[in-house]
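Close look at the chain arrangement
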Amino acid sequence: MKLPIYMDNHATTPVDPRVFEVMKPYFTEHFGNAASRNHSFGWEAEEAVEKARKQIAELIGAAAKEIVFTSGATESNNLALKGAAEMYAEKGNHIITVATEHKAILDTCKHLEKHGIRVTYLPVKQDGLVDLDMLRDAITDKTILISVMYANNEIGVIQPVTEIGKIAHERGVLFHSDAVQAVGKVPVNVLKDNIDIMSLTAHKLYGPKGVGALYVRRKSPRVQLAAQMDGGGHERGMRSGTLNVPGIAGFGEACEIARREMPEESARLRALRDKLRAKLESELDQVYINGTMESRLPHNLNISFAYVEGESLLMGINDVAVSSGSACTSATLEPSYVLKALGAGDDLAHSSIRFGLGRFNTEEEVDYVGDKVVDVVKKLRELSPLYEMAKEGIDLTKVAWTAH
Ligand SMILES: *Cc1c(COP(=O)(O)O)cnc(C)c1O
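This structure is a prediction, so every number in the text was calculated from the model and none was measured.

Before going further, it helps to spend a moment on the site of the ligand. The environment of the ligand is made up of Gly72, Ala73, Thr74, His102, Met149, Asn153, Asp178, Val180, Gln181, Thr201, His203 and Lys204. In this structure, Thr74 approaches the ligand through a side-chain N or O atom, which is 2.6 Å from an oxygen atom. Protein contact buries 87% of the 390 Å² of open area that the ligand shows by itself. Its residues assigned to classes, the shell around the ligand comprises 3 nonpolar, 7 polar and 2 charged.

Okay, here's the thing in structure tokens:
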């Protein structure tokens, strides 16, 4: 077993060697511009792009023509929200989203709010899921778009997208979903899931960084988005710019592999994830799972270790790459806004770790990580007077802390 162990696959994934092989010829040999119509260099590049478009579309139940290539999901989310707000300005100026969305959605919404768009940020229940009645109540005759992520990048919770899409369509509202974390991990089908616009990115499913896509529905309803980049009118006029041909070829191959191997891979990772969870829960007390286990990505575990500071735990397991529930913003350590939205106190948010298992993790690695975390949590708690007091049955909320 090689150290360090990578278990942060929600942040990014390594490029699958099979994907890399497919990309290679498009750097030096078939380097043409996919928009060059007059020679074979251009045709070869275009062929690679159109093959990838089909492979990506097939994974999500779309038609190839409905795939618009971008530089990644941040751009896809920007194009979806800003493009819809601009295109449907005459219909209305209201967007509904959720407090636990990725920053690429929340910050785009904040930008739109400065430009006359009204945004409703729905809270989530303690399990991390959207309350569908609250969603229904939030829709007005000015609502143009509902944007709810498919699966959350911190807690892996899968939203009831099919129902959300149904509610949106009953009210004549478009439904966008940031499906970055779900595509290639769980079955996603834009028709069954009632999705009109959907963001994806290659680097979360073993493809390269810097290439993504936006699914834009072409019929019932036909969705139109105002371009956010002016130029040569590529990608049906929605996204100008010379295409990243090697990246796109790799993205296509990554989707094809995911489509073939998803059932087996998900089952394997789910079993490893459940093994890790069982170990932590059986050998440690006061551990709390964040978000529902009922509707969740198979490779995600987000867990709080009470009386342990997440950053100290990370330092203790420094040969394992995972993320904590704290985000370093400038000088201070902020607890995760996602965990806070579930109602977790700052302490539990700070004591949380996100494990993101992936294609290249082995059972041996998972066992090593489980042992190591148990060991370090026990050691840190031995140093914690609060943990000792709690174990002795002292109710910490009733202690009158006084300074002398
Ligand atoms: C990673 C991620 C993004 C951003 O994707 P990039 O391609 O890195 O811009 C957006 N949404 C979610 C849910 C993500 O996990």
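Alright, that's what it looks like, and here's the rest.
For an α-helix, the turn length of 3.6 residues means that residues three or four places apart are oriented alike. If you check helix H3 (residues 40–60), its first and last C-alpha atoms are 31 Å apart, about what 21 residues at 1.5 Å a residue would give, namely 30 Å. Listing the buried residues of H3 in full gives Gly42, Ala45, Ala48, Val49, Ala52, Arg53, Gln55, Ile56, Ala57, Leu59 and Ile60. Summarising the contacts, the buried residues of H3 are in contact with helix H2 (25–28), strand E2 (67–70), strand E7 (197–201), strand E8 (212–216) and helix H8 (245–283). Gly61 sits one or two positions beyond H3 and adopts a positive phi of about 70°.

The domain boundaries assigned to the protein chain delineate domain 1 (17–258) and domain 2 (262–394). In this assembly, 32 residues from domain 1 lie in contact with 23 residues from domain 2. Together domain 1 and domain 2 conceal approximately 2200 Å² of surface at their shared face, both sides included; 58% is due to carbon and sulfur atoms. Looking only at domain 1, the three residues that lose the most surface to domain 2 are Glu154, Ile155 and Tyr206, adding up to 32% of its buried area. Taken together, domain 1 and domain 2 are joined by 0 salt bridges. Viewed at the interface, domain 2 and domain 1 are joined by 12 residue pairs in polar contact (both at pLDDT 80 or more). Contributions of two or more residues to the side of domain 1 that touches domain 2 are made by helix H1 (17–23), helix H5 (103–113) and H8. For the side of domain 1 that touches domain 2, the class distribution of residues is 16 nonpolar, 9 polar and 7 charged.

The subject of this paragraph is the sheet that holds strand E10 (residues 300–305). Taking strand neighbours across the sheet as the criterion, the 4 strands line up as E9-E10-E15-E12 in an open arrangement whose pairing is antiparallel. Only two strands of the sheet have a single neighbouring strand rather than two, namely strand E9 (287–289) and strand E12 (323–324). Against the sheet, helix H12 (residues 363–382) makes contact with E9, E10 and strand E15 (352–356), and its axis sits at roughly 15° relative to E10, the strand it touches most.

Of the volumes computed, that of the second largest pocket is approximately 340 Å³. Considering the residues around the second largest pocket, the lining is formed by 15 residues, among which Ala306, Tyr307, Val308, Asp347 and Leu386 are closest to the centre. For the lining of the second largest pocket, the element with the most residues is helix H11 (residues 346–350), which contributes 3 residues. Counted by class, the lining of the second largest pocket contains 8 nonpolar, 5 polar and 2 charged residues.

What counts and what doesn't
- The residue count restarts for each chain, going from 1 along the sequence in the order it is written.
- Totals for whole chains, interfaces and linings use every residue, but because this is a predicted model, local features are given only for residues with pLDDT of at least 70 and side-chain atom pairs only at 80 or more, for both listing and counting.
- Computation of side-chain values covers all heavy atoms of the structure but excludes hydrogens and water.
- If a single non-hydrogen atom of a residue is within 4 Å of a molecule or strand, that residue counts as near it.
- A 3.5 Å cut-off defines polar contacts: any pair of N or O atoms within that distance qualifies, except that in protein one atom must be a possible hydrogen donor and the other a possible acceptor, and neighbouring residues in sequence count only when both atoms are side-chain atoms.
- Calculation of accessible area relied on Shrake-Rupley with a 1.4 Å probe; when residues are assessed, cover is drawn exclusively from the protein chains displayed.
- Amino acids outside the nonpolar list (Ala, Val, Leu, Ile, Met, Phe, Trp, Tyr, Cys, Pro) and the charged list (Asp, Glu, Lys, Arg) are all regarded as polar, and Gly is one of them.
- Only DSSP runs of H or I with at least four residues qualify as helices, and only runs of E with at least two residues qualify as strands; both kinds are numbered from the N terminus onward.
- For a helix, the expected span equals 1.5 Å multiplied by the number of residues minus one.
- For each residue, the accessible area found with a 1.4 Å probe, counting protein chains only, is set against the maximum for its type, and the residue is called buried under 20%, exposed over 50%, and partly exposed in between.
- When checking whether two residues touch, look at their non-hydrogen atoms; a contact exists if any pair is within 4.5 Å.
- For the purposes of this description, domain bounds are those given by an automatic or database domain assignment.
- Throughout, the accessible surface (probe 1.4 Å) given up by two parts as they are put together, summed over both, is called the buried area.
- In the sections that follow, a salt bridge refers to a side-chain nitrogen of Lys or Arg positioned within 4 Å of a carboxyl oxygen of Asp or Glu.
- Two strands qualify as a pair provided DSSP detects at least 2 bridges between them.
- Axis geometry follows a simple rule: fit a line to the C-alpha atoms, using only the stretch in contact for helices, then measure angles between N-to-C directions, giving values from 0 to 180 degrees.
- Lining residues are defined by having an atom within 4 Å of a point belonging to a cavity or pocket. Those points lie on a 1 Å grid over the protein atoms alone, cavities being sets where a 1.4 Å probe fits but cannot get out and pockets being open sets with protein on both sides within 12 Å along at least five of seven lines.
- Grid points are joined across faces, edges and corners, and a volume is the space filled by probe spheres set on the points.

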